Amino acid sequence: MPSFQPIEAPKCPRCGKSVYAAEERLAGGYVFHKNCFKCGMCNKSLDSTNCTEHERELYCKTCHGRKFGPKGYGFGTGAGTLSMDNGSQFLRENGDVPSVRNGARLEPRAIARAPEGEGCPRCGGYVYAAEQMLARGRSWHKECFKCGTCKKGLDSILCCEAPDKNIYCKGCYAKKFGPKGYGYGQGGGALQSDCYAHDDGAPQIRAAIDVDKIQARPGEGCPRCGGVVYDAEKKLSKGREWHKKCFNCKDCHKTLDSINASDGPDRDVYCRTCYGKKWGPHGYGFACGSGFLQTDGLTEDQISANRPFYNPDTTSIKAREGEGCPRCGGAVFAAEQQLSKGKVWHKKCYNCADCHRPLDSVLACDGPDGDIHCRACYGKLFGPKGFGYGHAPTLVSTSGESTIQFPDGRPLAGPKTSGGCPRCGFAVFAAEQMISKTRIWHKRCFYCSDCRKSLDSTNLNDGPDGDIYCRACYGRNFGPKGVGYGLGAGALTTF
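Keep in mind the model is a prediction, meaning the values are calculated, not measured.

As a further point, take the overall build of the protein. The helix and strand tally for the protein stands at six helices and 22 strands. Considering the protein as a whole, with its 495 residues, one finds that 26% of them fall into the buried category. For the protein, long-range pairs separated by at least 24 residues make up 16% of all intrachain contacts whose partners lie at least 6 apart in sequence. Entry remark: accessible area of the protein is about 34900 Å², with carbon and sulfur atoms responsible for 54%.

So, in structure tokens, the structure goes:
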């Protein structure tokens, strides 16, 4: 029987010891210990995202690029970018470049030529979907998609299609095909005025056309210059079409728009300030600055003649009998009407007939005389008289008799019933009843028997004597006595 042969574990390329499954790390087909899985140059711990294997040795991507990557200006990082290494260490004895470099075989790229007009415009080869870049309706290789002058790599943002059927970056396109002369280009080139290098590719600049010279038929053109107004420059004012450059104030020549333009009576346009000075009201209180004190040499008659006239006195427009304002008899229009008891009043007439105080729907009181009064005047004229009513003038009785029907607040006559108010005995109607312990009281009789304080459902206490009390009087009459009860010194008694 053959002896037992254990399975040989793979060896770590760095330390040469066996690597078991619980601690193995894979890279480049080799198995490493977890502790040995570090960069061979900077000793940095690695993982699957930054690990690079070269000849059984591990490197991070930075160190691998420094040691095995391309050299020269523009490659690598740090001092490596200053190296002028030309790669002579990789040349063969006859000067040819070997087919294998750093373990990778360099295969020359063979580009299949496409039929004329179908391939890449720069190299003429077939362009496949994985590498195509689009410009001028043609497909380009990604490596051929460069500026035709500075060979800078382009994308859809930087690419400019030129008239010579090539592509350029924005800077080279502007230098080659952009406008030249003072104010264009960059650096000293902006000061030159040389001719275009490519006459066929230069933009054709046409001289500006003065549309004022294209006269329209009378009454149809721009009101200021009479020229034809086209849609691209049209400005509207009161149904008339203006040139954009003509749409300015006639006096101060300020450019206007739909917000600050004012149409004057002379069929021209003005800014608001000039319109106010020329056509607005004149005299003290108008315009701005010291100008409001002057009248521009105009007489009062001239100012009145130029000012629109209206008669503010609407009472002069009389209405038919019984249909106008009750006070002045004038016609009442909807913009100024005030309503009171089915009558329509002027707003300026809607005031108290006695004190002439302006009224509104809250303050107005319709009197029996058919007029309207404020509340105070209504009370003086038509309210109850005698002691306790109105203001000081109402303290006298004009008839010599008291106007108070029930001085004590209780009825003086009427049937008394057993089911009536416990306090006065008269019948209690539903509109004034107050309920206490199944008994019904008048609202005016519903007060404390001792202190006469008005009661309600929150402070009512029914006494054992059949009367009602407030809480304080109930506690004083029927509450517990002795030390700790009652109020003040009464709490010290023991009777």
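Next up on the list: the confidence of the model for the protein. On average, residues of the protein score 76 in pLDDT, and 69% of them are at 70 or above. Ignoring residues within four places in sequence, the model shows residues 97-108, a span with pLDDT below 50, making 16 contacts including any to other chains.

Positioned with a positive phi, Arg-56 is a non-glycine residue whose angle comes to about 65°. Taking relative accessible area as the criterion, Arg-56 reaches 42% and is therefore assigned partly exposed. Within the chain, His-356 stands out as a residue other than glycine whose phi angle is a positive 60°. Looking at His-356, the relative accessible area reads 54%, which means it is exposed.

With that settled, consider the pairing of strand E4 (residues 57-60). In terms of strand pairing, strand E3 (residues 51-54) meets E4 through four bridges, oriented antiparallel. Residue His-54 lies in a different strand from E4, and its bridge partner there is Glu-57. Count of turn residues in the E3/E4 antiparallel hairpin: two residues, of which Glu-55 carries a positive phi of about 55°.

Here the structure, examined in full by the defined rule, presents 12 salt bridges. Among the ionic pairs, Arg-327 bridges to Asp-371, the shortest N-O distance being 2.5 Å. Here Arg-327, found in the loop between helix H4 (300-306) and strand E15 (337-340), pairs with Asp-371, found in the loop between strand E17 (365-366) and strand E18 (372-373); they are 44 residues apart in sequence, far enough to count as distant.

Moving on, we come to the packing of aromatic side chains. On inspection of all chains with the given rule, the structure shows 12 aromatic pairs. For the ring pair Tyr-173 and Phe-177, a centre distance of 5.3 Å and an interplane angle of 40° mean the geometry is tilted. Highlighted residues: Tyr-173 and Phe-177, both in helix H2 (residues 170-177), separated by four residues, approximately one helical turn. Of the residues examined, Phe-177 reaches a relative accessible area of 5% and is grouped as buried. An aromatic cluster of at least three residues, connected via ring pairs, comprises Tyr-168, Tyr-173 and Phe-177. Lying over the aromatic face of Tyr-447, Arg-423 brings its terminal NZ or CZ to 4.4 Å of the ring centre.

The bond known as a disulfide is covalent and runs between the sulfur atoms of two cysteines. Scanning all chains against the criterion turns up zero disulfides. For the unlinked cysteine Cys-249, the closest cysteine sulfur is that of Cys-252, found at 3.5 Å. What makes Cys-249 buried here is its relative accessible area of 0%. The thiol of Cys-448 is not disulfide-bonded; the next cysteine sulfur, from Cys-451, is found 3.6 Å away.

What counts, and where the lines are drawn
- In this convention, every chain numbers its residues from 1, walking through the sequence in written order.
- The predicted origin of the model limits local features to residues at a pLDDT of at least 70 and limits the giving and counting of side-chain atom pairs to 80 or more, whereas totals for whole chains, interfaces and linings rest on all residues.
- The side-chain quantities take in all heavy atoms of the structure and omit both hydrogens and water.
- Secondary structure elements are defined from DSSP: runs of H or I of at least 4 residues count as helices, runs of E of at least 2 residues count as strands, and each element is numbered from the N terminus.
- Exposed residues in this analysis have more than 50% of their type's maximum accessible area, buried residues have under 20%, and partly exposed residues fall in between, with area computed by a 1.4 Å probe over protein chains only.
- Contacts were defined at the residue level, with two residues in contact if any of their heavy atoms lie within 4.5 Å.
- Per-residue and other accessible areas were derived by the Shrake-Rupley procedure at a 1.4 Å probe size, with only the shown protein chains allowed to occlude residues.
- Confidence of the predictor in every single residue is expressed as pLDDT, which spans 0 to 100.
- DSSP bridges decide pairing: two strands pair if at least two such bridges lie between them.
- A side-chain nitrogen of Lys or Arg and a carboxyl oxygen of Asp or Glu constitute a salt bridge if their distance falls within 4 Å.
- Side-chain rings of Phe, Tyr and Trp (the six-membered ring for Trp) are treated as a pair once their centres are within 6.5 Å; stacked means planes under 30 degrees apart, edge-to-face means over 60, and tilted covers the remaining angles.
- A ring has a charge above it when a Lys NZ or an Arg CZ is no more than 6 Å from the ring centre and no more than 35 degrees off the ring normal.
- Throughout, a disulfide means two cysteine sulfur atoms within 2.5 Å of one another.

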